[in-house]
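Secondary and tertiary structure notes
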Amino acid sequence: MTPHTLSPPIDDGAGLAAVNEPPPGWPDRLLTEAVRALEESRGSALAEPAADLRAIQAGGDFETRVIIRARHLSVAEPLRQALHRVRRRMVWGVGLAVLLAFLMGLGTGRVLLGLPGPAPVNIAWLLGGLLGPPSLALLLWLMLLFLPGSALGGLLAGGVAAAVRTVSLRVGRDQWMVAAMEAFFRLGGRGSVGRWSLSALSHALWAAFLLGGLAMGVLVLSLWQFEFAWETTLLTERQILLVLGALADPLAGLGIAVPDVEAMRSSRAGSENLGAIRGAWASWLMAALAVYGLVPRVLLFALSLGLGALARRHRRLDLSALAYERLHERLMVPGRGEGIVDPDPGLMDPRPVASGVAEGPPLSGDGPVALLSVEMEPPREHWPPDLPGVGWRDLGMVDSRVERQRVLQSLSTLTPPPRALVAVYSLLSTPDRGVGLFIGQLVAAAPCPVLLLLSDGAALRRRGDPGQRLEDWRRTAGGAGLPTNHLLELDLSGPADIIRGDLSRFLGLKEETPP
Amino acid sequence: MIAPGSSTPSSRRSAGQWPVMKIAVVGHTNTGKTSLMRTLIRDTGFGEVSDRPATTRHVEAAALLIDGKPAATLFDTPGLEDSMGLAERLDALGRAGEEHWVDAIQRFLAGEEAAGRFEQEAKALRQLLDCHLALYVIDARDRVLAKHRDELEILARCARPVVPVLNFVSSAEARSDQWREHLTKLGLHALVEFDTVVFNELGEQRLFEKMRSLLDSHADTLDALIDDRRQLRRRQIRLAGAMLADLLIDVAALRLLVPEQEAREATALEPLRSSVRQREQRCVNDLLDLFRFRETDFEGEDIPLSDGRWGLDLFSPEALRRVGIRTGGGAVAGGLAGLAVDAATGGLSLGMAAALGATMGGLMGSIGSYGRQILDAWRGYTQLRVDDQTLRLLALRQLALIQALLRRGHAAQEKIALRQRDQEARQAWQGERLPDSLLQARDHPEWSRMDPAQEGAFRPGRRRRQAVQSLVRDITGNLNRPGASSGSKGETTT
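This write-up is about the structure you can find in this document. None of the values given here were measured: they were computed from a predicted structure.

Definitions and cut-offs
Residues numbered from 1 in each chain as written. Chains lettered and ligands numbered in written order. Predicted model: local features only at pLDDT ≥ 70, side-chain atom pairs only at ≥ 80, totals over all residues. Heavy atoms only, no water. Helix = DSSP H or I, 4+ residues; strand = E, 2+ residues; numbered from the N terminus. Rg over C-alpha atoms; globule rule 2.2 N^0.38 Å. Buried < 20%, exposed > 50% of the residue type's maximum accessible area, 1.4 Å probe, protein only. Contact = heavy atoms within 4.5 Å. Areas by Shrake-Rupley, 256 points an atom, 1.4 Å probe, with all protein chains shown as cover. Lys, Arg positive; Asp, Glu negative; His and termini not counted. Charge placed at Lys NZ, Arg CZ, Asp CG, Glu CD. Polar contact = N/O pair within 3.5 Å; in protein donor to acceptor, adjacent residues only side chain to side chain. Expected span 1.5 Å × (residues − 1). Buried area = accessible area lost by both parts, 1.4 Å probe. Salt bridge = Lys/Arg side-chain N within 4 Å of Asp/Glu carboxyl O. Nonpolar A, V, L, I, M, F, W, Y, C, P; charged D, E, K, R; others polar. Pairing = 2+ DSSP bridges. Axes fitted to C-alpha atoms, helices over the stretch in contact; angles between N-to-C directions. Parallel < 35°, antiparallel > 145°, perpendicular 65-115°, else oblique. Patch = residues over 30% accessible without salt bridge, like charges linked within 9 Å, V, L, I, M, F, W, Y side chains within 5 Å. 1 Å grid on protein atoms, 1.4 Å probe; cavity = no way out; pocket = protein on both sides within 12 Å on 5 of 7 lines; lining within 4 Å. Points joined across faces, edges and corners; volume = space filled by probe spheres on them.

1. What about the overall build of chain A?
- Secondary structure assignment for chain A yields 17 helices and eight strands.
- Relative to the globule expectation of 24 Å for 515 residues, the C-alpha radius of gyration of chain A, 49 Å, shows a markedly less compact shape.
- Each principal axis of the C-alpha distribution contributes one length, and for chain A these read about 155 × 55 × 40 Å.
- Buried residues in chain A amount to 48% of all 515 residues.
- Contacts in chain A between residues far apart in sequence, at least 24 positions, make up 81% of those at least 6 positions apart.
- For chain A, the accessible area works out to roughly 25,100 Å², and carbon and sulfur atoms hold 62% of it.
- A distance of 9 Å separates the average location of the 48 positive side-chain charges in chain A from that of its 48 negative side-chain charges.

Structure below.
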């Protein structure tokens, strides 16, 4: 059976678009991590309910909420600036490192080539010296890449990054920079983002190095005259030519002028006329450096940048840290108010205003006093109390509808007619509309004044301050037409003499002379 | 139909969609319906609670969320005040023709009186008809009266499953047995005792379980709710332990240097004391925040800092014991360095380097910490620290607070106040030696956030984190003991 919908469907969060928030991106995640680092150093989460509220309203999963909260914190602005400064420092550091690599490349090229001397330059040694370290590093990088779980993008790059970090930590340290740096390195230095960033740096450094070597090589070879030869003692001519030829063939395919097999054979050290093919060898050397050294590095650099950007887009925060767990409890509330779905039309105030009558007419006549317990049992002992001049007509206890109807009907037919009706209620029960209605019905049906006796005062006081409850009873009685002095608070579980005394005063009887 | 337990709630969670269950919270006026809502949604700010009749006069909704998504909606309704009159009316209406009682109620709701005299009751009934299930809240201190019978009769006519919820069962005036008997006679057996002031997590679980037994169509949702609340509880205990551990390490590691002549004056302790006081206050606020209470819910006392002095006494048993620990820590670090050397030399040194490293590490470590103290003493400074007794007191106070918070329902109105008596009752920390992590913290002043030397640039290192983790384990061991974190029946509010 489907209930018909009365209330509006509950929405699980307005969604980012509804609260005008752009979807989270990499800078947001950096900011969030920086906020976390800051909160960790301070020891507790920042108390900004406004930001929390925005996050909760935006809805979505926990990560989204944390990010949106971070955006709206008061510390977001200084942290963003600190992150900018960190990025700038990194850029400077990287730039410096690249420049250094370039200079080292220049230096290496210079050292390896030297100046032309009497002996021809050993072509194999030259190429090995220039291409060897970068190629070995590339091999190492490839191996580390396929090593599972490693974020290392290159030992050299890692070293550079660590150096920048250490220097930064010593210079210009405030809480914003510390937090920003921690965010940068924790988020950007680990996982696949870290791997591709470091790889890009690594490739950039080696590319710079090779460029330096290439530049120096071209410069020196343009201005000086060298002669190249290969030599070997242990290996055979065929083996050497195989290697050199293998290196030369792809270059020839690219259209670069390289020595052919015959020219290579004739370049063995000690041969004559090495000068004729020096140009070919030089171009072979430079081309090999470019094609086997520089170009792969440049391509890999571009690839690393691309993969890094992709990794940044897919990177999610690691939410297992303690600081995030604390936020979890705050942002992923287990319950929330949804507002009023059926408002109070305010037509009638259910709480009656007390009637203006403070004093009712005194009791007259000499009929019995009718006694009625409503919704509570009368006391077992000394009830009704023995009062001189009072004949009690005990109507018993009334609770259900049937009993009430019976009592109301019997009231008009009581003989002899009572001079008053005492209705006993418990203060512990809430004086609601139903109570007021019945008191009104008693007032209407009774041929005499109705007096209200409120018991259980001691129990009420044990629960707390009785003031409001007593006031509510007064109002309810007043609303039903009872004057204020027809109301008595008297605890029927109290001492019997007090009960007798208070009750007799209430009924307007003469004061009993104290014994 | 998916049988209960065959699909784990977490697998459904990944589907992302819960059929939203609608629950109406109904009952006589002033029985604690709004309080029940507050406790279930863990929000002290929902609705208005007072001891007067007709406090709630509208229907207000609240959602129970799992992972931020609504799983159930609770509807707080106006209390039933004139149930007898209403029952009479409905009886008169229902006698016309043979129809289901629920149709008679629909006709009543469409009539004039529903907008006039019985406006409040009509609101409650209308909401109930729109819901899957009703929670009928009873003040267990009330006598069982005819008007309650009439109310339940009316609810039964609405043809919705009803779960009676007994509130205020922890009070001495509660008449739970009478109610139970009465409700059983009416055929309502799935009754729940749930005190909104003294929170009992088992009580909440039983409430959901009873609802589940009556409402098969939302069994998955209720299973997920039970699971989620249980995990929430565990998380809260773990986090509370972590906050306390953090506080204790901050305080244990704190060290202030004062010139020796100043150290003998009474005012020398004041900066230490105010640091510790502020830090404790922050921890208290964090704990209140964690359990979703307000700062105004707690009244704290000032902790007496008996003697914050830690003199340099190399021959005290405490100091000698510290030497033992210090050596242990240093030795391990040194030993590892030695092993690395071994690997590089291909194991040729046959472990000698390892042994040597261990000795060196131990020596350096001891020299390090004592070196600092000796240097300070030589320069004429004394270290002021928080002593063990105060640390214990701090721990006990916070543990008492955590336990009080675990037992506090969100409808509670009184403030939490910790009494000295309560703390002495907790045996766990009295008289035993402090946990190793705290003793370790003594030797690392840089582990304290309040360390003046690290103004603004504090970073918790790996070793500090490990110390915190180990301390958390010690602490949560106390909190997870059976009976430690649940309010039991008969206990008065703290």
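2. A look at the overall build of chain B
- Per the secondary structure count, chain B includes 17 helices and 10 strands.
- Of all 494 residues assigned to chain B, the portion counted as buried reaches 56%.
- In chain B, once contacts between residues fewer than 6 apart in sequence are set aside, the share between residues at least 24 apart is 76%.

3. Brief notes about the side chain of B:Glu81
- Within the secondary structure layout, B:Glu81 lies in the loop between β3 (69-76) and α3 (83-94).
- Looking at B:Glu81, its side chain comes within polar contact range of the main-chain nitrogen of A:Arg433, at 3.1 Å.

4. A closer look at helix α7 (residues 175-188) of chain A
- Taking 1.5 Å of rise per residue, 14 residues should cover 20 Å, and α7(A) covers 19 Å from first to last C-alpha, within 8% of that figure.
- Among the 14 residues that make up α7(A), 13 are buried, leaving the element largely enclosed by the rest of the structure.

5. Considerations on the interface of chain B and chain A
- Contact with chain B, which involves 79 residues of that partner, is made by 66 residues of chain A.
- When chain B packs against chain A, the two sides together hide about 6,400 Å² of surface, and 48% of this comes from carbon and sulfur.
- Area buried by chain B at its contact with chain A is led by B:Arg52, B:Arg143 and B:Arg459, which between them contribute 10% of it.
- Here chain B is connected to chain A by 16 salt bridges.
- Its salt-bridge partner being B:Asp286, residue A:Arg326 comes within 3.7 Å of it at the nearest N-O pair.
- Linking chain B with chain A are 31 residue pairs in polar contact (both at pLDDT 80 or more).
- The element contributing the most residues to the side of chain B that touches chain A is helix α9 (residues 219-253) of chain B, with nine residues.
- Across the side of chain B that touches chain A, the residue classes break down as 30 nonpolar, 13 polar and 36 charged.
- The sheet contact formed by strand β3 (residues 335-342) of chain A and strand β2 (residues 59-66) of chain B spans six bridges and is antiparallel.

6. Observations regarding unusual backbone geometry
- Here A:Thr415 and A:Pro416 are connected by a cis peptide whose omega angle stands at -10 degrees.
- With respect to the element layout, A:Pro416 can be found in the loop between α13 (401-412) and β6 (420-426).
- A positive phi angle, near 65 degrees, is found at A:Asp456, a position not held by glycine.
- Unusually for a residue other than glycine, B:Ala159 sits at a positive phi of about 55 degrees.

7. Here we look at the packing of helix α9 (residues 237-253) of chain A against helix α11 (residues 278-314) of chain A
Residue and element names in this part refer to chain A.
- Interhelical geometry of α9 versus α11 gives an angle of 75 degrees and a closest axis separation of 10 Å. Relative to α11, α9 is oriented roughly perpendicular. Note on element contacts: α11 touches α9 through Trp281, Trp284, Ala287, Ala288, Val291 and Tyr292, opposite Leu244, Ala246, Leu247, Ala248, Pro250 and Leu251.

8. Structural notes on a nonpolar patch on the surface
- A cluster of nonpolar side chains, contributed by A:Leu115, A:Leu219, A:Leu223 and A:Trp224, occupies part of the molecular surface with about 430 Å² of accessible area.
- On the secondary structure map, A:Leu219 appears in helix α8 (residues 191-223).

9. Topic: empty space enclosed by the protein
- Within this structure, the stated rule accounts for seven cavities of 30 Å³ or more.
- In this model, the largest cavity occupies a volume close to 140 Å³.
- Taken together, 13 residues make up the lining of the largest cavity; nearest its centre are A:Leu428, A:Ser429, B:Asp142, B:Arg143 and B:Leu145.
- Each pocket or cavity is described by its volume, and for the second largest cavity that value is around 100 Å³.
- What lines the second largest cavity is simply A:Ser44, A:Ala45, A:Arg326, A:Leu327, A:Glu329, A:Arg330, B:Met243, B:Asp286, B:Asp289 and B:Leu290.
- Going through the elements one at a time, α12 (322-331) of chain A together with α11 (270-290) of chain B are the ones with two or more residues in the lining of the second largest cavity.
- Top element by residues in the lining of the second largest cavity is α12(A). It accounts for four residues.
- Along the lines of polarity and charge, the residues of the lining of the second largest cavity split into four nonpolar, one polar and five charged.

10. With respect to the side chain of A:Arg315
All names here are of chain A.
- Position of arginine 315 among the secondary structure elements: in the loop between α11 and α12.
- Summary of buried charges: arginine 315 has no salt-bridge partner, and the nearest side chain of opposite charge, aspartate 318, is 6.9 Å away.
- Reaching out from arginine 315, the side chain makes a polar contact with the backbone oxygen of leucine 187 at a distance of 3.2 Å.
- If we skip the residues at most four places from it in the chain, arginine 315 touches Trp26, Arg29, Arg186, Leu187, Arg190 and Val193.

11. Points about the packing of helix α5 (residues 123-146) of chain A against α8(A)
Residue and element names in this part refer to chain A.
- Direction vectors running N to C along α5 and α8 enclose 170 degrees, while the axes themselves pass 11 Å from each other. On the basis of their axis angle, the class for α5 and α8 is roughly antiparallel. Only Arg195, Trp196, Ser199, His203, Trp206, Phe209 and Leu210 of α8 make contact with α5, whose side of the interface consists of Leu130, Leu131, Pro133, Pro134, Ala137, Leu138, Trp141 and Leu145.
- Counted by class, the contact of α5 with α8 contains 12 nonpolar, two polar and one charged residues.

12. Here we look at the sheet that holds strand β4 (residues 133-139) of chain B
- Reading across the sheet, the seven strands line up as β3(A)-β2(B)-β3(B)-β1(B)-β4(B)-β5(B)-β6(B) and stay open at both edges, with mixed pairing between neighbours. Since the sheet does not close on itself, it has two edges, and those belong to β3 of chain A together with β6 (192-193) of chain B, each with one partner.
- Sitting on the sheet, α9(B) touches β1 (21-27), β2 and β3 of chain B, and the angle it makes with β2(B) is about 70 degrees.

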